[in-house]
Amino acid sequence: MAVDKILIIGLGLIGGSLARSVRSSGFASSVTAYGHRSRSLKMGMELGVIDSYSLDLDEAMTDAGIVVLAAPTMVCGALLPELLPRLSPGVVLTDVASVKGWLLKAAQQANGGATPGQLVLGHPLAGSERNGVAASSAELFVDHQVIVTPEPETNPEALACVRAMWSSTGANIVEMGAAEHDTMLAATSHLPHMLSYTLMNSLAASAAGTDIFRFAAGGFRDFTRIASSDPIMWRDIALCNRDELLQAIDRYCAHLEALRNAVEAADGQQLQDLFIRAKSFRDTYSRGREPH
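Residues numbered from 1 in each chain as written. Predicted model: local features only at pLDDT ≥ 70, side-chain atom pairs only at ≥ 80, totals over all residues. Heavy atoms only, no water.

Asks: Please explain helix α10 (residues 242–264) as it appears in this structure.
Replies: An α-helix turns once every 3.6 residues. As a result, residues three or four positions apart point the same way. Between its first and last C-alpha atoms α10 spans 32 Å; for 23 residues at 1.5 Å apiece the expected length is 33 Å, and the two agree. The complete set of buried residues in α10 reads Leu 245, Ala 248 and Ala 262. Looking at the residues trailing α10, positive phi occurs at Ala 266, about 55°. (Helix = DSSP H or I, 4+ residues; strand = E, 2+ residues; numbered from the N terminus. Expected span 1.5 Å × (residues − 1). Buried < 20%, exposed > 50% of the residue type's maximum accessible area, 1.4 Å probe, protein only.)

Now the structure itself:
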């Protein structure tokens, strides 16, 4: 399965990487991009990421077989009322956002309360703390999971098309419900980003000021790397997955309080038990991700 033209709305790291990948794999004969500002679109042309671009949505959508929303989540939601009425029969609409439930509701609201059959929401579990089309790579999705969250109303041909697109990038496709996706990602992706941002803010506001960063070692760099991620994207994620993220934060705070109590009580055994349990889970996770 292949398409003549893919339209990518939002030419950043993920959108640019997808454009590179589907062009190099031959899944798409051409890739065009749409946006409100020409800077990143022109850069995409200069870097050979896309074949063309347009600042006019109707022009950009002409002859597109797949339309990919690759903008921040709230921007995607705001675009849906413009996009859905413009979709010709057989044209597939998908996305790469980190929150599925909020976007599904936005699509339903823009479609008179019904789930659009041409819509297949998806989320590649791949990325980088680097931003923008200049950071894009055709290899970004290789051996990474892509979660797609079809609904009962989803057109099977649309789902097959989106699965084929992601397969062409070297990704592994997993299907699940939108609610399950949001619960899992709140714990494994959204919460860690919130913690990394918070640690950086906490240290930046400390009495030691910026001097404290002179003594940061590898563990600090590893943990805070994701605090360099796009603030607008993560603002949208926090707001759009608010309920699930709040639950994840509350669970974390309860465990942090237990750790604090153990430190305050100088309870070495409790500290050791907490660390052993955490290490055991982390080691099991690492072994499960090792190539076979």
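Read on for the rest.
Asks: I'm lost on the environment of Thr 149 in this one. Help?
Replies: Position of Thr 149 among the secondary structure elements: in the loop between β8 (145–148) and α6 (156–168). Overall, Thr 149 belongs to the buried group, its relative accessible area being 3%. Sequence spacing of Thr 149 and Ala 178 is 29 residues, and the spatial spacing of their C-alpha atoms is 5.4 Å. The contacts of Thr 149, once residues within four sequence positions are left out, are Lys 100, Leu 121, Met 176, Gly 177, Ala 178 and His 181. (Contact = heavy atoms within 4.5 Å.)

Asks: When you look at the nonpolar core in this model, what are you seeing that I'm missing?
Replies: Among soluble globular proteins, nonpolar side chains are generally buried collectively. Counting 38 residues, the largest nonpolar core has Ile 6, Ile 8, Ile 66, Met 165 and Trp 166 as the members making the most contacts within it. At the level of secondary structure, the elements contributing two or more residues to this core comprise β1 (3–9), α1 (13–25), β2 (28–34), β4 (66–69), β8 and α6. The element best represented in this core is α6, accounting for 7 residues. Setting aside residues no more than four positions away along its own chain, Met 165 makes contact with Ile 6, Leu 18, Val 22, Phe 27, Ile 66, Val 68 and Thr 94. Formed by 26 residues, the second largest nonpolar core is a distinct cluster that contains Leu 79, Leu 80, Leu 93 and Ala 106. (Core = buried A, V, L, I, M, F, W, Y, C linked by side-chain atoms within 4.5 Å.)

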